[in-house]
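Inside the fold
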Amino acid sequence: SFALGAGLAEGLRGLRAFRFSAADVAYLRSVLPSTTDDAFFDYLATLDASQVTVTAGTRMSLLFPQVPFLQVKGPLLVVQLLETTLLCLVNYASLVATNAARFRLLAGPDMKLMEMGLRRAQGPDGALSASKYSYIGGFDCTSNILAGKLYGIPVRGTIAHSFVMSFRCLEEVQPRDLPPRAGGDPVDLAGLAVSWLQRVCDLLQTPPGKANQGELAAFVSYAVTFPCDFQGLLDTYCVRRSGLPNFCAVALALHQLGYQAIGVRLDSGDLAQQSKEIREVFRACGAHFQVPWFGTIPIAVSNDISEQSLEEFMREGSEINMIGIGTNLVTCPLQPSLGCVYKLVEVNGSPCLKLTEDEEKMTIPGMKAIYRLYDAAGHPFMDLMALEEEPSPSAGQELGIRVLGQLGETTKVIPSTVEPLHRTYFRDGQVCEPLPSLPEVRTHAQVSLNLLSPAHRQLHEPQPYPGAVTERLHRLFLELRQGS
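What you see is a predicted model, and the numbers here were worked out from it, not measured in a lab.

Section: the sheet that holds strand 18 (residues 411–413)
Read across the sheet, 6 strands follow the order 18-17-22-16-15-19 without closing on themselves; strand pairing throughout is mixed. The sheet is open, and its two borders are formed by strand 18 and strand 19 (417–420), each paired with just one other strand. Strand-to-strand twist in this sheet, taken as the mean axis angle between neighbours without regard to direction, amounts to 40°. In this structure, strand 17 (residues 399–403) lies alongside strand 18, joined through 3 bridges in antiparallel fashion. Its bridge partner being in strand 18, Ile401 is matched across the sheet by Thr411. The strands that helix 17 (residues 471–483) touches are strand 15 (368–374), strand 16 (380–387), strand 17 and strand 22 (467–470); relative to strand 22, the one it contacts most, it runs at about 85°.

What follows is the structure, given as structure tokens:
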């Protein structure tokens, strides 16, 4: 029922850079028909966006069907040339932000969400966009280091299966000595981990010989290198017999030296059930070995996580603290494209209307002012489109409007609050409104989502959010329709 509008900053950057170089014009000469007038190519060489004006939703708005996100004014040829560029820059951005918002709504506010779709994204540009816009949509961090560098998004990750599998035995661990955190002589961490492994296996009643020695070596090597950031990937071999006891052994060895492990990750199997079993083991170790923090070690999961996966986690209950989502986030398989469109609504001051047998594809004519109406509980309940020259509606004032899809009858509404949605962001070739930072946009998006009523926010069979037009705009629509 909603989308998150995104990509405005990139769209404005594209407008500032809009021009045809000499090489561009030469290429166009080579592909356009030979009968094209030379004056046309001379004209292209002079074009830029200095006469274009863009209004857009304040910061980043919740979007609803048929309500404009951007409005572009300027010379007809120029604004027609901008169509594909602007749609490219806002469609995928808004799609990923919306998809991320759906995952956030399903996961709830307390679950940590990590974007990790770089390997499955549609090329490096798609990957960077996915990292950026999933952060706006509500994800906490990304595994994409370049996105962290370019955009300041927090970066997180875990060790890889290939790292664990690259070790065969403890003799391969070099170096293996680690000084206590408080200072003192270095200790052989590998030997200390082996002694702890026996104690852990006795507690878990599992044979120490079943624990993979290469996996233990990988954990020790990682712990020696990153003693303050030790984490384990538990399912390279067998979680219960190998990954879990090996991790506990190394984590307890580190604890003996004054360090604290930061988490584990699961990447296969019944993730919800395994998380509960792992939490039981952590609590048992914490109680038995008198290490209170051990029972709260964070558990992260991955493995083709989808909306359905999150719904199952919530339904079954789990001990999961962080979820890494890749393919189903960045490729958006439930809806691979968003479908923003760019339609002509006015030429030389004359409103125009696209008529079609498909009512949903009819355009709303004229340059418009957009208002969001809020009820007494603070929830937005309707977006209202008015002609640009109409006076603004007022809070507490009864409005006669026409709801899209029900244009045959007048509806009366009394908004408690009225919010103008659009402001001018681009004029005279320059961005004329300060753009918020990425964290500010992310916060605004989450606040906007939280303001939605539960009926509009739910992901399955949501109550449709209505768009509406003023009576004056409706009369214009009828006049143009009858005139056509």
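We are not done yet, so read on.
Digging into the pairing of strand 20 (residues 422–427)
In regular strands, side chains alternate between the two faces of the sheet. Both strand 2 (residues 53–57) and strand 20 contribute to a ladder of 4 bridges, which runs antiparallel. Of the residues in strand 20, the one forming a bridge with Thr55 is Thr424. Examined bridge by bridge, strand 20 and strand 21 (residues 430–431) share 2 bridges and lie antiparallel to one another. Residue pairing in the sheet places Arg427 in a bridge with Gln430 of strand 21.

So, the packing of aromatic side chains
Throughout the structure, instances matching the rule amount to 14 aromatic pairs. Measuring from ring centre to ring centre gives 5.8 Å for Phe18 and Phe20, while their planes differ by 75°; the resulting arrangement is edge-to-face. Relative accessible area serves as the criterion here: at 12%, Phe18 is assigned to the buried category. On the basis of relative accessible area, Phe20 is assigned to the buried category, the value being 19%. Measuring from ring centre to ring centre gives 5.2 Å for Tyr222 and Phe226, while their planes differ by 50°; the resulting arrangement is tilted. On the basis of relative accessible area, Tyr222 is assigned to the buried category, the value being 14%. With relative accessibility at 40%, the residue Phe226 sits in the partly exposed group. By way of ring pairs, the aromatic residues Phe163, Phe167, Phe219, Tyr222, Phe226, Phe230, Phe247, Phe282, Trp293 and Phe294 are connected into one cluster. A cation over a ring is seen here: Lys132 above Tyr151, with NZ or CZ 4.9 Å from the ring centre. Its end group placed over the ring of Tyr135, Arg442 keeps NZ or CZ at 4.8 Å from the ring centre.

Reading guide: rules and limits
Residues numbered from 1 in each chain as written. Predicted model: local features only at pLDDT ≥ 70, side-chain atom pairs only at ≥ 80, totals over all residues. Heavy atoms only, no water. Pairing = 2+ DSSP bridges. Helix = DSSP H or I, 4+ residues; strand = E, 2+ residues; numbered from the N terminus. Axes fitted to C-alpha atoms, helices over the stretch in contact; angles between N-to-C directions. Contact = heavy atoms within 4.5 Å. Phe/Tyr/Trp six-rings, centres within 6.5 Å; stacked < 30°, edge-to-face > 60°. Buried < 20%, exposed > 50% of the residue type's maximum accessible area, 1.4 Å probe, protein only. Lys NZ or Arg CZ within 6 Å of the ring centre and 35° of its normal.

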